[in-house]
Amino acid sequence: MEGSRLDVVLRHLGRYGRYQVLCTILIATIGTWFPAWHLMGIIFTADSPQGYQCVTSAANPPPKPSAVLAGVVESVTPTYKQWTDNASVSMVTRNISKEVDECVLQGTDEPCREWQYFTKYNETTIVTDLNLICERSFLAQTAQSIFLAGCLVGSFLFGFLSDAFGRKKMLLIGCLANGVFGILVAFVQNYPGFVTLWFFIGLFTQGYNQVQFIMVIEMFPPECRTLIGSLNNMFWGVGVITVTPFAYIFRNWRHMQLAISIPCLVAIPLWFILDDSIRWLISKGRIGEATNILNKMARWNSVEPPPGGFLLAEDAEEENIALKEIDKSEVAAPSIKEKTSITYLDVLRSPRLLLNTVIIYFSWFVSMMTYYGASLNSAHLVGSKYANFFFLGLAEIPAFFIIHFTMTWWGRRPSMGLFFVVSGLTSIATAFIPMKTVDGADLTVPIVIMAIIAKLCITCAFSINLIFCSEIFPTPVRNVGFGIGAVVANIGTVVAPFILYLASYASFLPLTIFGALSISAAVLIPILPETRNKPLPETIEDAVHLGRTPPCTQDKDQRGKSGSKLEAANDLL
């Protein structure tokens, strides 16, 4: 923001000074890696075994308690299950081929109480520990959705809390609470206790991940945020990738849960190292504290403070107004009264804006659901689930470079439409490609490649959607419109595990549904106005006529040309 005294001060201290770089590394590490471990770790924690069989019968009493721990015994001859209309299980082993209902005691109608599980990688999960099979099989997907419901609440709650109590407090309290609840859940022996703790883990995971993003970019002037935001997204991608070695080394889900939760306790020493956001302190009138941090930053960066010290706003109210007018000086702004009189209901009353809102929310819902569904489904692809997850996570990193160029030279609308189409087609293709050809040739590699392309494209579509959503709403309701869109998108993550559950009935259904919805979103995208190089709308009329607004010149609007996720975030601060 050119008109902000703080940005002038930050440029004087050095755009990429030692203080900013070190703080960014610390904040981004705990705020992206740790949440990524918990969010993506449930893919392995809640994975289902490849098969199971009842170990008791009417003529064979149950084993002694010492022989079975929490329903898990040693791996046995591989058994595979297929659900039928009457919810029985078809067990197929190497030596026998017959229909056996493993949910009841053989020869009776009594339900089975103990099972033997076949796991390809000799791992234990909540499914095998808590016996989430037979009539309880849906509880595994329910647990994942409860975790994601916690993420939904966290995304809504932490925005208000960080504005009220500060970025640093909510970042470190969220990180510490995430670690404590994560450690506790590793010792829970019952399903209600497990899902209760998992809800709070999801809440804190999503909450402090959002706070770190804001905290990092508030340390830099506007011209630096594109690079910093891209690097922040790459930190998330690296966090996703590093889930793989945790899952591979710690095959017992309780040990893995401890391994990804204990590092969160680093929030305790970081309380004495990290400083709060200078912008937030100024907005709250705490100019003295902000000045002390600036002096500390000057010492770290080996920069002399300007003569007379750092001159921030004359008072907190003046600086708060300046902060809220980020990058608006270049646009002919309407009167304050006209802008503040706009409400979100005014957006919904406009047929054109209502249509834009429905489409952008639907596409965000689809992209979020498909992105998370693709991540969850990596455990069910042919080949090693660890290698599949690693390469699907690796596909996220180049996505942020790709969208930068496609949006710069092509625009938001055609880029997002193309990525949705490619993601949809490759998802459907992945669902129907057989594991082997008629001649017996292994098709594992083509299936994994198609899945990686689908994940790459849906990541691109999701990232563009974030920018698009923030650009179609008028300034006074941009935060509200963006926040409601985030809630709608998180509903998609809650739904994703249940769609994957449909694979129990037909293996091709989940990816087909994801693909069909992605193509449906692509069909609707051309209805949206193109926002590349367009000034951000300030009024309802501006938003209605956004598609007919002439592009800004390069001098007037560098934001539209940069095509970065951070330009969308500038106006959310």
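Residues numbered from 1 in each chain as written. Predicted model: local features only at pLDDT ≥ 70, side-chain atom pairs only at ≥ 80, totals over all residues. Heavy atoms only, no water.

Colleague: Teacher, can you tell me more about the overall build of the chain here?
Modeller: Along the chain, the regular secondary structure elements total 25 helices and two strands. Going through the 573 residues of the chain one by one, you find that 55% of them count as buried. Long-range pairs, those at least 24 residues apart, make up 79% of the contacts in the chain between residues at least 6 apart in sequence. (Helix = DSSP H or I, 4+ residues; strand = E, 2+ residues; numbered from the N terminus. Buried < 20%, exposed > 50% of the residue type's maximum accessible area, 1.4 Å probe, protein only. Contact = heavy atoms within 4.5 Å.)

Colleague: Explain the pattern of salt bridges to me, please; I cannot follow it from the model alone.
Modeller: Once their charged atoms are close, side chains differing in charge can pair, the charge on each being opposite to the other. A complete count under the given rule lists nine salt bridges for this structure. Note that Glu-289 is salt-bridged to Arg-286, the shortest N-O span being 2.8 Å. Through salt bridges that share partners, Asp-47, Glu-123 and Lys-385 make up one connected network. (Salt bridge = Lys/Arg side-chain N within 4 Å of Asp/Glu carboxyl O.)

Colleague: Is there a simple way to explain helix H2 (residues 18-45) in this structure?
Modeller: The periodicity of an α-helix, 3.6 residues per turn, causes residues three or four positions apart to be oriented the same way. Taking 1.5 Å per residue as the helical rise, H2 with its 28 residues ought to reach 40 Å, and the 39 Å between its terminal C-alpha atoms agrees with that figure. A bend of about 25° at Leu-39 is the largest found in H2. Of all 28 residues in H2, 22 are buried; the element is thus mostly enclosed. (Expected span 1.5 Å × (residues − 1). Bend = angle between axes of the 7 residues up to and from the residue.)

Colleague: Just checking my understanding: could you explain the state of the cysteines for this structure?
Modeller: One covalent bond between the sulfur atoms of two cysteine residues makes up a disulfide. Following the criterion strictly, the structure yields one disulfide and no others. Sulfur-sulfur distance for the disulfide between Cys-54 and Cys-112 comes to 2.1 Å. In this structure, the disulfide formed by Cys-54 and Cys-112 twists by about 95° around the S-S bond and is classed as right-handed. Within this pair, whereas Cys-54 is found in strand S1 (residues 51-54), its partner Cys-112 is found in the loop between S1 and strand S2 (115-118), the two being separated by 58 residues in sequence. Cys-112 carries the same exposure label as Cys-54, and that label is buried. Here Cys-457 is not disulfide-linked; the sulfur of Cys-460 is the nearest cysteine sulfur, at 6.1 Å. Here Cys-457 falls in the buried class, since its relative accessible area comes to 7%. With a relative accessible area of 0%, Cys-460 lands in the buried category. (Disulfide = S-S within 2.5 Å.)

Colleague: Just checking my understanding: could you explain a nonpolar patch on the surface for this structure?
Modeller: Taken together, the side chains of Leu-26, Ile-173, Val-180, Leu-184, Ile-262, Leu-265, Ile-268, Trp-271, Phe-272 and Ile-273 make up a nonpolar region of the molecular surface, amounting to roughly 890 Å² of accessible area. A total of three residues in the nonpolar patch trace back to one element, the largest contributor, which is helix H5 (residues 167-185). Along the chain, Ile-262 falls in the loop between helix H9 (253-261) and helix H10 (267-270). Judged by relative accessible area, Ile-262 falls into the partly exposed class, the value being 46%. (Patch = residues over 30% accessible without salt bridge, like charges linked within 9 Å, V, L, I, M, F, W, Y side chains within 5 Å. Areas by Shrake-Rupley, 256 points an atom, 1.4 Å probe, with all protein chains shown as cover.)

Colleague: Sorry if this is basic, but what is going on with the packing of H2 against helix H16 (residues 351-377) here?
Modeller: When two helices pack together, their arrangement is captured by the angle between the axes and the distance separating the axes. Two numbers describe how H2 lies on H16: the axes approach to 9 Å, and their chain directions differ by 45°. Put simply, H2 runs oblique to H16. Residues Leu-39, Met-40, Ile-42 and Ile-43 of H2 pack against Tyr-371, Tyr-372, Ser-375 and Leu-376 of H16. (Axes fitted to C-alpha atoms, helices over the stretch in contact; angles between N-to-C directions. Parallel < 35°, antiparallel > 145°, perpendicular 65-115°, else oblique.)

Colleague: What exactly am I supposed to notice about the packing of helix H18 (residues 396-409) against helix H19 (residues 412-432) here?
Modeller: Between H18 and H19, whose axes approach to 8 Å, the crossing angle comes to 135°. Taken together, the axes of H18 and H19 lie oblique to each other. Pair H18 / H19 crosses with right-handed handedness. Here Ile-402, Ile-403, Thr-406 and Met-407 of H18 come into contact with H19, specifically with Arg-412, Ser-415 and Phe-419. Among the residues making up the contact of H18 with H19, the classes are represented as four nonpolar, two polar and one charged. (Left-handed = near helix turned anticlockwise from the far one by under 90°. Nonpolar A, V, L, I, M, F, W, Y, C, P; charged D, E, K, R; others polar.)

Colleague: Please clarify how the side chain of Lys-385 should be interpreted in this entry.
Modeller: Along the chain, Lys-385 falls in helix H17 (residues 385-394). A polar atom in the side chain of Lys-385 sits 2.8 Å from the side chain of Asp-47. (Polar contact = N/O pair within 3.5 Å; in protein donor to acceptor, adjacent residues only side chain to side chain.)

Colleague: Is there a simple way to explain the packing of aromatic side chains in this structure?
Modeller: Two numbers describe a pair of aromatic rings. These are the distance of the centres and the angle of the planes. Throughout the structure, instances matching the rule amount to 24 aromatic pairs. On the numbers, 5.5 Å between centres and 5° between planes, the contact of Phe-44 with Tyr-386 is stacked. Residue Phe-44 is located in helix H2, and its partner Tyr-386 is located in helix H17; the two are separated by 342 residues in the primary sequence. Among the residues examined, Tyr-386 registers a relative accessible area of 4% and is labelled buried. For the pair Tyr-344 and Phe-473, a centre-to-centre distance of 6.3 Å together with 40° between the ring planes defines the contact as tilted. Pair noted here: Tyr-344 is in helix H15 (residues 344-349) and Phe-473 is in the loop between helix H20 (444-471) and helix H21 (478-501), with a separation of 129 residues, a long-range link. Per residue, the accessibility class of Tyr-344 equals that of Phe-473, and both read buried. Among the aromatic residues, ring-to-ring pairing joins Trp-33, Phe-34, Trp-37, Phe-235 and Phe-246 into one connected group. Over the ring of Trp-271 we find Lys-168, and its NZ or CZ is 5.2 Å from the ring centre. (Phe/Tyr/Trp six-rings, centres within 6.5 Å; stacked < 30°, edge-to-face > 60°. Lys NZ or Arg CZ within 6 Å of the ring centre and 35° of its normal.)

Colleague: Got a minute to help me understand the environment of Gln-106 in this structure?
Modeller: Tracing the backbone through its elements, the reader meets Gln-106 in the loop between S1 and S2. Under the relative-accessibility criterion, Gln-106 is labelled partly exposed at 46%. Residues Gln-106 and Cys-54, 52 residues apart in the sequence, show an inter-C-alpha distance of 8.4 Å.

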